[in-house]
Amino acid sequence: MPAIDRLLHIPLLRRGRPYRSLDTVRTPHYRTGEPFVEISQANVGLIRRDLLDGEMARAILAGFTTEELFRMCARAADLFASSALPLGETTQSPEDYVLQVSATTGLPHIMVRRNMHKIRTVLAEMESVVNGLTRNLDLRVLDAGHAEGLSYFPRGESLGVVLPSNSPGVHSLWAPAFALKTPLVLKPGAAEPWTPYRIIQALIHAGAPPEVFGYYPADHAGAAEILRRCGRGMVFGDVSSTRQWQGDPRIEVHGPGYSKIVIGEDCIADWEQYIDVMVSSILENSGRSCINASGVWVPSHAAEIAEALAARLAAVAPRDAADDQAQIAPFANGALAERISQTIDDELNDGLSGGATRDVTASHRQTPRLAVFQGSSYLLPTIILCDSPAHPLANREFLFPFASVVPVRQDAIPRALGPSLVVTAITHDRKLIARLLASPGVGRLNLGAIPTQRISWDQPHEGNLFDHLYARRAFQCAV
């Protein structure tokens, strides 16, 4: 870790302008535990005052055409990936960004760079992304308010987003709101304040008006105030932290994905051909994404598949953050890693399955699941062979490469799967495909051997942001 001459400070952005608050928190380096960055905090009163006049920011964006906003995004893509940008009273180079994200989240450098490339791609290809979200709508609808007999109106004055700390790539989900002429009010995750700040700076330096951006690190009360005050909201988190927003039509909830791979009876005999797809879906990005597979559901050969996956994943070991071969990330909070591992063990030993459900990787690696490397806590990849879909671990998701292999009758799919953000279905069976296509519990369906984490950005992902931000109205115009 390079020496730090002085503690970095990240200010608030109030209408795009830096503001240093008297109230600050310090986020530590994941490995040393020493303070690494000081972050200004916004209290509820400040947030409430700043969000009183949301119409002004929307009016500013309305003065640009969508084509102009697309060009800004394209310029911002190169700035984000390649240029030094302001970070409070100092500047942040692309390499600084990689080291800083790694320092507070634990992500190896190679994973930060991959996520950086993902964000750059979304900004660079914003026109294609928006065309996918709007289903190739004539975007004069947004510029003039109507086109070809269609008219849409904004559901709210701004989009408030309460962000996580697990992985930078998640920030690509809210970025299209800018191109959709919607001001942004962002509450960053405590351990990952870097990426939303850098995206905002890239857009501002690409010509975007600063007044349309708010950046408010805050506590839970401040986050709730943002979601209440903005006309539209997005919130990321686990089941407990997002529960209060479930069912609120103003808020798009991004919780656990419970993404899965399903192999049909017609393809299960060839399961060995699909091991690479399964491993990639489980392991990529250290299993931290909601689109990582947390389950492999099969009509037969469950034990053989679990053994094959365990053999492959047991070879994955902690490496130095700068090692380009690193595949797993440490937990910045070692106590959280301990609690997760204990939860898995408790559910394995609850006696409900009579020992038939087991951790298959345990016999392949001959070491505990919880490992310590360079003073940091890691959870090693874990494959659970479940005795049935009813076992508590059959439909669980954790912040590391974890998946259950679950035997299930094909005629019980998709009902037995439960809500699933992504389902990769390896089958040619028309009846099974038809049931999956008709299922409201499948958010994204991949037909064929497509890794669950492979995203096509010209299609809506985890909800359609355009539909969340705009509603269609009846419209007639006398010639």
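This section reports on the structure supplied with the text.

Regarding the overall build of the chain
Then, number 1: Each helix and strand counted, the chain has 17 helices and 24 strands in total.
Then, number 2: Here the C-alpha radius of gyration of the chain, 23 Å, is about what a compact globule of 479 residues would show, namely 23 Å.
Then, number 3: Taken along the three principal axes of its C-alpha coordinates, the chain extends 65 × 65 × 35 Å.
Then, number 4: The burial tally for the chain puts 55% of its 479 residues in the buried class.
Then, number 5: A separation threshold of at least 6 residues defines the contact pool for the chain, and within that pool the share at least 24 residues apart is 71%.
Then, number 6: A total of about 19,800 Å² of accessible surface is found on the chain, and carbon and sulfur atoms cover 50% of it.

Let's talk about the pattern of salt bridges
Then, number 1: Taken as a whole and assessed by the stated rule, the structure comprises 23 salt bridges.
Then, number 2: The partner of E38 in a salt bridge is R26, and the shortest N-O contact between them spans 3.8 Å. Here the residue E38 occupies a position in strand β5 (residues 35-40), and R26 occupies one in strand β4 (residues 24-28), the gap between them amounting to 12 residues.
Then, number 3: Across the pair D467 and R135 runs a salt bridge whose closest N-O atoms are separated by 3.5 Å. With D467 in helix α17 (residues 465-469) and R135 in the loop between α6 (126-134) and α7 (140-144), the pair connects residues that are 332 residues apart, well separated along the chain.
Then, number 4: Look at D467 and you get partly exposed, because its relative accessible area is 33%.
Then, number 5: Each member of the salt-bridge network shares a partner with another, and the members are R20, R26, E38 and E89.

Quick word on helix α2 (residues 54-62)
Then, number 1: Taken together, the buried positions of α2 are G54, A57, R58 and L61. Projected down its long axis, α2 carries its buried residues within an arc of 95°, all on one side.
Then, number 2: Packed against the buried residues of α2 are α3 (66-82), β9 (150-154), α8 (176-179) and β24 (470-473).

Here's the deal with the packing of aromatic side chains
Then, number 1: According to the stated counting rule, one finds 10 aromatic pairs in the structure shown.
Then, number 2: Between the aromatic rings of F466 and Y470, the centroid separation amounts to 5.4 Å while the plane-to-plane angle is 20°, which identifies the pairing as stacked.
Then, number 3: The exposure class of F466 is buried, given its relative accessible area of 2%.
Then, number 4: Assessed through its relative accessible area of 6%, Y470 is described here as buried.
Then, number 5: Each residue in the set Y152, F466 and Y470 is aromatic and connected to the rest through ring pairs, giving one cluster.
Then, number 6: Taking the ring centre of Y19 as reference, the NZ or CZ of R14 above it sits at 4.6 Å.

Describing the side chain of S286
Then, number 1: With respect to the helices and strands, the residue S286 is situated in the loop between α12 (275-283) and β16 (293-298).
Then, number 2: Looking at S286, its side chain comes within polar contact range of the main-chain nitrogen of A329, at 2.8 Å.
Then, number 3: Beyond its immediate sequence surroundings of up to four residues, S286 is in contact with M111, Q327, I328, A329, L399, F400 and P401.

Reading guide: rules and limits
Note on numbering: residues in each chain are counted from 1, in written sequence order. At least 70 in pLDDT is required for a residue's local features to be given in this predicted model, at least 80 for side-chain atom pairs to be given and counted, and no such filter applies to totals for whole chains, interfaces and linings, which use all residues. The basis for every side-chain value is the complete set of heavy atoms in the structure, and neither hydrogens nor water enter the calculation. Working definition: helices are DSSP H or I runs of at least four residues, strands are E runs of at least two. Numbering for both runs from the N terminus. C-alpha atoms define the radius of gyration in this analysis, and the globule rule sets the expected value at 2.2 Å times the number of residues to the power 0.38. Accessibility here uses a 1.4 Å probe with only protein chains present; expressed as a share of the type maximum, an area under 20% marks a residue as buried, one over 50% as exposed, and anything in between as partly exposed. Only heavy atoms matter for contacts: two residues are in contact if any of them lie within 4.5 Å across the pair. Throughout, the Shrake-Rupley method with a 1.4 Å probe supplies accessible areas, and for residues the shown protein chains are the sole cover considered. The rule for a salt bridge is simple: a side-chain nitrogen of Lys or Arg has to be within 4 Å of a carboxyl oxygen of Asp or Glu. Arc definition: directions from the helix axis to the C-beta atoms. When two rings of Phe, Tyr or Trp (its six-membered ring) have centres within 6.5 Å they constitute a pair, described as stacked for plane angles under 30 degrees, edge-to-face for angles over 60, and tilted for the intermediate range. Any Lys NZ or Arg CZ found within 6 Å of a ring centre and within 35 degrees of that ring's normal is scored as a charge over the ring. Each polar contact in these results corresponds to two N or O atoms within 3.5 Å; when the atoms are within protein, one needs to be able to donate a hydrogen and the other to accept it, and residues that are neighboring in sequence are counted only if both atoms are side-chain atoms.

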